[in-house]
Amino acid sequence: MRRTAVLLALLVTGWLGAGVVAADPAAAHATLVSTDPGEGARLDAAPSEVTLTFSEGVSLGAGYARVLDGDQQRVDAGAAEVDGAVLTVPLRGELPDGGYLVTYRVISADSHPIAGAFSFAVGDAELLATAGEAAQDDTDPVVAALLPAARWLGFAGLALAVGLPVLAAVCWPAGWAAPRLRRAASVGAVAVAVGALATFVLQGPYAAGSGIGSVADLALLRATLGSEAGWVALVRAVLALAFLLVLRRVPRRPGNPPRPVLVATGVLAAGLVVATAATGHPVAGPWPGLAVLVATAHAAAMCVWLGGLAGLLLALLRPSTPPAEVATAMPAFSRLAFGAVGVLVVSGIVQSVREVGSPSALAATGYGQLLMGKVLLVVLVLAAAGVSRVWVQQRLGIRRPRSRRTITVHAFSATAEPRPEELSAAAERDRAQAENAAEHLPSLRRSLLVEVGLAAVVLALTAVLVGTPPARSTLAQPVDTVLALQGGSASASGTVQVSVDPARPGANTLHVYLFDDEGRLTQPTEIRVTLTERSQEIGPLDVDLQPAGPGHFVGDGMTIPGAGTWSLAVTVRLDEFTALSAATDFPVR
């Protein structure tokens, strides 16, 4: 455990250092990047379509994309189409002047829905409010509670279904004949199947934002079946049922089963672990192949460790188990668990770096706070595991091998074999040691009960984390964008670069740079910057600017009142007759 703690400290230190240096994390959850028309845009003529661009690929699935007029009537024509990260909604022809509301709920590659709304206007019509529509896109509370429960059931079942056979195959061959072990492994396989099917039927209402009563909606079921998350859940259920059938074919006798049965069990167990890891956050964002591999190692190590612990409590550490079997199996499992914990620590840190991005996101996001709670519980589990390991070392003699001297002997010397009385004495010592350990099993069971209880809570937090958008996608990111200036005569052109840091509620720093059509900094006659949050009906708020050089203006201490999607508009007057403008939307979290 000491080596694991040192490794954990080194890796965390390296991550903290990298978090200070790195400043551009890649998202692992889709976010809306831009829209056309833009939020709050005023157009002279109605567009033929509305496009939404996200940070990564999305799908409609059981979601929707609609365009409504002022009477809440749909004006979109035909089905919306998704091409990678771009969602296109066709509109009816010859739409009249008026305000229009775009609402959407799409599915990110990590199976989480992304919902929102924005409005634009044609002519001089008023913009439609978006606050009420956004409130309707919340996930149903019953669905939101049942999904983590289904995931927890699947995780716990996976630990039993995979971890118990590993315990029997590697550490305790006689365990194949233990009824408690066999029943628990079968119950685990059933739990995986039930959890996977529950996830499948709940994914439709989750994606569509509908209530629990729509779980049997055929349209939602078909949409889920056509999604990656849906068919992965079904594959997991099928593999779990096949695994259950193979487990029932294992002979009920001590010793490992025949090689074909053992190979089939191993292949199906590996498939179950991969099917559990190859969904959600690992398949989205950068390096999905590596992320799935790391998640697979994490899930497999979890099964070996936690499933083995459950097997010890349920079957091995019982009064009916011969002391000799306990004395043989416990040291083997102690070594196996030590390796599994090492894999858990390394793979967990790799996953955290990918999903969190920087140490500052740990405290600033809900995902980071949940992750810190999970890490704290894991540390407590490791402490309890350390107590158990010390017990095994003291009672069953698990020690590091001592160094031995190399002695040169004559080439024809006879090999010294232990004498019968020495073998008898060693066997007697082993027997006495095993019986002594059996007398003190209650203290070990108490330590293991603490481990298993805390591990169950860790699995519950993991089930919630799987359904929480990663910290990368929810952490406020500074804004730095270049916009084309529009309006005025055809010869008037140029760009404006705006930077907002840190793009959080409260005081921010704004930098504005004006460039002409040849990319040179240009000084305007007048410049105005405003902030607006339309869904909350805030603004426009004027930003105080101070000149900082030719074509460069600074709004030091620019205040953003609260979180939301804010629109920053720049209006520039180059001379008495030429006025240009540009606007951009950015999230404030």
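Up top is the structure.
Residues numbered from 1 in each chain as written. Predicted model: local features only at pLDDT ≥ 70, side-chain atom pairs only at ≥ 80, totals over all residues. Heavy atoms only, no water.

Asks: Where do I start with the packing of helix H7 (residues 259–277) against helix H8 (residues 288–316) in this structure?
Replies: Any two packed helices are characterised by how steeply their axes cross, that is the angle between the axes, and by the distance between the axes. Their axes nearest at 8 Å, the elements H7 and H8 cross at an angle of 125°. One way to sum up the angle between H7 and H8 is to call them oblique. Here the hand of the crossing between H7 and H8 comes out right-handed. Here H7 contributes Val273, Val274 and Ala277 to the contact with H8, which in turn contributes Val292, Ala295, Thr296, Ala299 and Ala300. Along the lines of polarity and charge, the residues of the contact of H7 with H8 split into seven nonpolar, one polar and no charged. (Axes fitted to C-alpha atoms, helices over the stretch in contact; angles between N-to-C directions. Helix = DSSP H or I, 4+ residues; strand = E, 2+ residues; numbered from the N terminus. Parallel < 35°, antiparallel > 145°, perpendicular 65-115°, else oblique. Left-handed = near helix turned anticlockwise from the far one by under 90°. Contact = heavy atoms within 4.5 Å. Nonpolar A, V, L, I, M, F, W, Y, C, P; charged D, E, K, R; others polar.)

Asks: Help me out: how do you make sense of the nonpolar core in this one?
Replies: Generally speaking, nonpolar side chains in soluble globular proteins are found buried as a group. Within the largest apolar cluster, 66 residues are counted, with the highest numbers of intra-cluster contacts made by Trp305 and Leu312. For this core, the elements supplying multiple residues, two or more each, are helix H3 (141–171), helix H4 (179–208), helix H6 (228–249), H7, H8, helix H9 (323–356), helix H11 (366–396) and helix H13 (441–466). Ranked by the residues each element gives to this core, the list is headed by H8, at 12 residues. If sequence neighbours within four positions are ignored, Trp305 has contacts with Phe333, Ala337, Ala340, Val341, Leu344, Val381, Leu382, Ala385 and Glu451. Grouped together as the second largest cluster of nonpolar side chains are 26 residues, Val479, Val496, Leu545 and Ile560 included. (Core = buried A, V, L, I, M, F, W, Y, C linked by side-chain atoms within 4.5 Å. Buried < 20%, exposed > 50% of the residue type's maximum accessible area, 1.4 Å probe, protein only.)

Asks: In this structure, what is going on with unusual backbone geometry? I would like to understand it.
Replies: What is expected of a backbone is that most residues other than glycine have negative phi and most peptide bonds are trans. Residue Pro37 follows Asp36 across a cis peptide bond; omega there is 5°. Within the element layout of this structure, Pro37 appears in the loop between strand S1 (32–36) and strand S2 (42–43). A cis amide bond links Asp501 to the next residue, Pro502, at an omega of 10°. Positive phi, normally seen in glycine, also occurs at Gln72, with a value near 65°. Mapped onto the elements, Gln72 comes out in the loop between strand S4 (58–68) and strand S5 (81–83).

Asks: Can you help me understand the sheet that holds strand S7 (residues 98–108) in this one?
Replies: An order of S2-S8-S7-S4 is seen for the four strands of this open sheet, with the pairing classed as mixed. Each of the sheet's edge strands pairs with one partner strand only, and the pair in question is S2 and S4. Relative to strand S8 (residues 113–122), S2 is paired through two bridges, and the arrangement is parallel. Looking across to S8, one finds that Leu43 is bridged to Val122. Relative to the sheet, H4 contacts S4, S7 and S8, its axis offset from that of S4 by approximately 30°. (Pairing = 2+ DSSP bridges.)

Asks: Even after reading the chapter, I still don't get the environment of Ala240, so can you show me in this structure?
Replies: Within the secondary structure, Ala240 is located in helix H6. When its relative accessible area of 0% is taken as the criterion, Ala240 is described as buried. Sequence-wise, Ala240 and Ala269 are 29 residues apart; in three dimensions their C-alpha atoms are separated by 8.4 Å. If we skip the residues at most four places from it in the chain, Ala240 touches Ala189, Val192, Ala193 and Leu272.

Asks: Looking at this structure, I do not really get the environment of Gly339. What am I missing?
Replies: Mapping Gly339 onto the fold places it in helix H9. On the basis of relative accessible area, Gly339 is assigned to the partly exposed category, the value being 36%. For the pair Gly339 and Ala301, spaced 38 residues apart in sequence, the C-alpha to C-alpha distance is 8.3 Å.

Asks: Explain the sheet that holds S1 here, please?
Replies: One key point about sheets: their strands pair by backbone hydrogen bonds, in either a parallel or an antiparallel sense. Ordered in space as S1-S3-S6-S5, the four strands form an open sheet in which the pairing is antiparallel. This sheet does not close on itself; its edge strands, each paired only once, are S1 and S5. Sheet twist, expressed as the mean angle between neighbouring strand axes with direction ignored, is 20°. The pairing of strand S3 (residues 49–54) with strand S6 (residues 86–90) spans five bridges and is classified as antiparallel. Bridging across to S6, Thr53 finds its partner in Val86.

Asks: For this particular structure, what's the right way to read the packing of H3 against H9?
Replies: Contact geometry for H3 and H9: axes closest at 10 Å, N-to-C directions at 120°. Classified by the angle their axes make, H3 and H9 are oblique. Here the hand of the crossing between H3 and H9 comes out right-handed. Seen from H3, the contacting residues are Val166, Leu167, Val170 and Cys171; seen from H9, they are Ala329, Ala332, Phe333 and Leu336. Considered class by class, the residues forming the contact of H3 with H9 number eight nonpolar, no polar and no charged.

Asks: I tried to follow the packing of aromatic side chains on my own but got confused; where do I start?
Replies: The geometry of two aromatic rings is summed up by the distance between their centres and the angle between their planes. For the structure on display, the rule yields two aromatic pairs. An angle of 75° between the planes, with centres 6.0 Å apart, marks the rings of Phe54 and Tyr104 as edge-to-face. You can see Phe54 sitting in strand S3 and its partner Tyr104 sitting in strand S7, a full 50 residues away along the chain. According to the relative accessible area criterion, Phe54 is buried, its value standing at 3%. (Phe/Tyr/Trp six-rings, centres within 6.5 Å; stacked < 30°, edge-to-face > 60°.)

Asks: Looking at this model, I keep getting lost on the pattern of salt bridges. Mind explaining?
Replies: Close approach of charged atoms allows side chains of opposite charge to pair. Evaluation of the coordinates by the stated rule reveals four salt bridges. Arg74 is the salt-bridge partner of Asp76, the closest N and O atoms lying 2.7 Å from each other. For Arg520, the salt bridge goes to Glu518, with nearest N and O atoms at 3.0 Å. Looking at Arg520, the relative accessible area reads 49%, which means it is partly exposed. Of the residues examined, Glu518 reaches a relative accessible area of 58% and is grouped as exposed. If you follow the salt bridges from partner to partner, you end up with Asp516, Glu518 and Arg520 in one network. (Salt bridge = Lys/Arg side-chain N within 4 Å of Asp/Glu carboxyl O.)

Asks: Quick question: what am I supposed to make of the side chain of Thr199 here?
Replies: By the element assignment, Thr199 lies in helix H4. Of note is the side chain of Thr199, whose polar atom sits 2.8 Å from the backbone oxygen of Gly195. Residues within four places of Thr199 in sequence aside, it is in contact with Leu147 and Ala150. (Polar contact = N/O pair within 3.5 Å; in protein donor to acceptor, adjacent residues only side chain to side chain.)

Asks: What is the right way to read the pairing of S3 from this model?
Replies: Relative to S3, S1 runs antiparallel, the two sharing four bridges. Counterpart to Leu32 in the pairing with S3 is Phe54.

Just distances and angles here, no functional claims.
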